[in-house]
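# Chain and residue survey
So you can see what is in the structure, the chains are spelled out below.
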Amino acid sequence: VEEESLILILYSQDDTMDHGAPQEMIAFQYTATVADHLNAAVTKLGYHAELVPANGTIASLRRKLDKYSRDRAFIFNNCDGFGGKNINASRVPALLGRMGFKFTGSTGEATALCTNKKRCKKRLIECGVPTPRFQLFSKPKGDFKYDYPAIIKPVVEDASMGIDLESVVSNMEQLHKRIAYVVERYQQPALVEEYIIGRELSVSLWGNGEVTTLPIVEEDYSKVENPLEQLLTFDSKWNPDSYLYQTIIWRCPAPLAPEDDRRVREAAIAAYKAVGLRDIGRVDIRYRDGIAYVIDINELPDLSPESGFPRSAQIGGISYEQMVGRILDLSFHREGLR
Ligand SMILES: Nc1ncnc2c1ncn2[C@@H]1O[C@H](COP(=O)(O)OP(=O)(O)O)[C@@H](O)[C@H]1O
Ligand SMILES: [Mg+2]
């Protein structure tokens, strides 16, 4: 990467949303703010940077990017969705690959795997990584074949979209009601899996080949009395007035005995490799009886300064700017540019 090289900060800009709940719009709009932080960091690192919103259609995005030189422009891909849909996130890295651009983060293929919770879990199982037992429902019919309590999630969302206190169910009646809600509201099948009552740990990782972990984050639920309410609902992430937002204690590094710490990190690294992530990732885990169940793999972790990955880096002694520099270096190196 040369002096005159240009870093394009590509981010999803969605002002339409055709499904889900109205208050969830905030999660879509938010990536523009993150892009500003990335832009500031990249500029401070001494690169020329340009913000490029990814909106419209894939064809119009292609036209917009086509004017940049593949040799001179390197893309920092921060598109966590496209056209208002999380499921379309993989179309962006897939396009970049087809166009011959080099970019940070995972390929279209790995992104597609991670954005579909069913496909992701299947891959984890194939690779021997523990994940809660699950079943997919496209309509409210029949009983859950594993153990209650169960949690119901839209199969292709993230950012806790469609997750609230009604997501955890203890019998078939509640199950059917919630499946109907998810299918109708989110226009997609419902993934039902065993609800793991245990600690919630999140591991930020980076690297290619040799993958390293940052200090582990714990969402400490010790002040939330009901175990069926110990989860990261949409409100707990986005609504400062909500009970869970105010009650869950964020800790980093998570207080873990060395043996537990090792198991959690190993599961996270195994998950990262199982889906073939590149450069960075974050793996969400529920830990119970010495087993680290992988519940979610984020191929593009939230990079706003106050979120998990950057805070975890910060606690590991790496500033936001250094973190951004490291992500770029990892991808340059992977592309043979340095
Ligand atoms: N199997 C499970 N057992 C217990 N809690 C779960 C389980 N699956 C999800 N959760 C809770 O729901 C939250 C959101 O689920 P997750 O799969 O991470 O979806 P998202 O992609 O929206 O982040 C998790 O952070 C966790 O608190
Ligand atoms: Mg998650």
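Residues numbered from 1 in each chain as written. Chains lettered and ligands numbered in written order. Predicted model: local features only at pLDDT ≥ 70, side-chain atom pairs only at ≥ 80, totals over all residues. Heavy atoms only, no water.

## Observations regarding the nonpolar core
Our working rule: What is meant by a nonpolar core is a set of buried Ala, Val, Leu, Ile, Met, Phe, Trp, Tyr and Cys residues, joined one to another through side-chain atoms within 4.5 Å. Only protein chains enter the calculation, and the probe is 1.4 Å; a residue is then buried if its accessible area is under 20% of its type maximum, exposed if over 50%, and partly exposed in between. The numbering of helices and of strands both runs from the N terminus, where a helix is a DSSP run of H or I of at least 4 residues and a strand a run of E of at least 2. Should any heavy atoms of two residues lie within 4.5 Å, those residues are considered in contact.
One finds Ile-7, Phe-76, Leu-303, Met-323, Val-324 and Leu-328 to be the most contacted residues of the largest nonpolar core, which totals 28 residues. Those elements giving two or more residues to this core turn out to be β1 (6–12), α2 (31–44), β3 (73–78), α8 (234–238), α11 (308–315) and α12 (320–334). Counting residues per element, this core draws most heavily on α12, which supplies 7 residues. Discounting chain neighbours no more than four positions away, the residues touching Phe-76 are Ile-7, Leu-8, Ile-9, Leu-10, Leu-38, Thr-104, Leu-303, Val-324, Ile-327 and Leu-328. With 26 residues, the next largest nonpolar core counts Val-211, Ala-268, Ile-285 and Tyr-287 among its residues.

## Describing the sheet that holds strand β8 (residues 190–194)
Here is the rule: By definition, two strands form a pair when at least two bridges between them are found by DSSP. Between N-to-C directions, angles cover 0 to 180 degrees, with each direction set by a line fitted to C-alpha atoms, over the stretch in contact for helices.
Spatially, β5-β8-β6-β7 is the arrangement adopted by the 4 strands of the open sheet, whose pairing is antiparallel. Each having just a single partner strand, β5 (134–137) and β7 (168–169) make up the two edges of the open sheet. Both strand β6 (residues 150–154) and β7 contribute to a ladder of 2 bridges, which runs antiparallel. Of the residues in β7, the one forming a bridge with Ala-150 is Val-169. Strands in contact with helix α6 (residues 117–126) are β5, β6 and β8; relative to β5, the strand with the most contacts, it is inclined by about 155°. Contacts from helix α7 (residues 172–186) reach β5, β6, β7 and β8, with the element oriented near 10° to β6.

## Considering helix α3 (residues 58–66)
Cut-off, in case you're wondering: In this description, the arc belongs to the directions extending from the helix axis to the C-beta atoms.
Residues of α3 that are buried include every one of Ile-58, Leu-61 and Leu-65, and no others. Along the long axis of α3, the arc covered by the buried residues comes to 60°, so they all point the same way. On its buried face, α3 sits against β1, β2 (48–54), β3 and α4 (91–99).

## Details of the site of ligand 1
The condition is simple: Residues are counted as near a molecule or strand when any one of their heavy atoms sits within 4 Å of it. Under the rule applied, a polar contact is a pair of N or O atoms within 3.5 Å (in protein, one hydrogen donor and one hydrogen acceptor; residues adjacent in sequence only if both atoms are side-chain atoms). Computed with the Shrake-Rupley method and a 1.4 Å probe, the accessible areas treat only the protein chains shown as cover for residues. Side-chain classes are defined by residue name, with Ala, Val, Leu, Ile, Met, Phe, Trp, Tyr, Cys and Pro counting as nonpolar, Asp, Glu, Lys and Arg as charged, and the others, Gly among them, as polar.
Close to ligand 1 lie 21 residues; Lys-117, Lys-153, Ser-160, Glu-193 and Glu-200 are nearest. Interatomic distance of 2.6 Å between a side-chain N/O atom of Lys-117 and an oxygen atom of ligand 1. The separation between a nitrogen atom of ligand 1 and a polar side-chain atom of Glu-193 is 2.7 Å. Protein burial of ligand 1: of its 540 Å² of free accessible surface, 99% is covered by the chains. Those elements that place two or more of their residues in the shell around ligand 1 are β6, β8, β13 (280–288) and β14 (291–298). Per-class residue counts for the shell around ligand 1 are 9 nonpolar, 1 polar and 11 charged.

## Side note on α2
Filter applied, for reference: Here the expected length of a helix is defined as 1.5 Å per residue gap, with one fewer gap than residues.
For α2, built from 14 residues, the straight-helix expectation of 20 Å at 1.5 Å per residue is met to within 8% by its first-to-last C-alpha distance of 20 Å. Every buried residue of α2 is accounted for by Thr-31, Val-34, Ala-35, Leu-38, Asn-39, Ala-41 and Val-42. Trailing α2 by a residue or two, Gly-46 shows a phi angle of about 100°, which is positive.

## Topic: the side chain of Arg-282
Note on placement: Arg-282 falls in strand β13. One polar contact links Arg-282 to Ser-202, side chain to side chain, over a distance of 3.0 Å. If sequence neighbours within four positions are ignored, Arg-282 has contacts with Ser-202, Val-203, Ser-204, Leu-205, Asp-296, Ile-297, Asn-298, Pro-301 and Asp-302.

## Here's the deal with the coordination of the magnesium ion (ligand 2)
Around a metal, the idealised angle for a tetrahedral arrangement of four donor atoms is 109.5 degrees; for an octahedral arrangement of six donor atoms it is 90 or 180 degrees. Test applied: Note: metal donors comprise N, O and S atoms at 2.8 Å or less from the metal (3.2 Å for Na, K and Ca); water molecules are not included, so apparent gaps in a site are possible.
Summarising the metal site, the magnesium ion (ligand 2) is bound by the protein donors Asp-284 (OD) and Asp-296 (OD), whose distances to it range over 2.1 to 2.3 Å. Taken together, the positions of Asp-284 in strand β13 and Asp-296 in strand β14 put the pair 12 residues apart, joining distant regions of the chain. As far as the burial class goes, Asp-284 and Asp-296 line up, both buried.

Taken by themselves, the reported measurements are silent on function.
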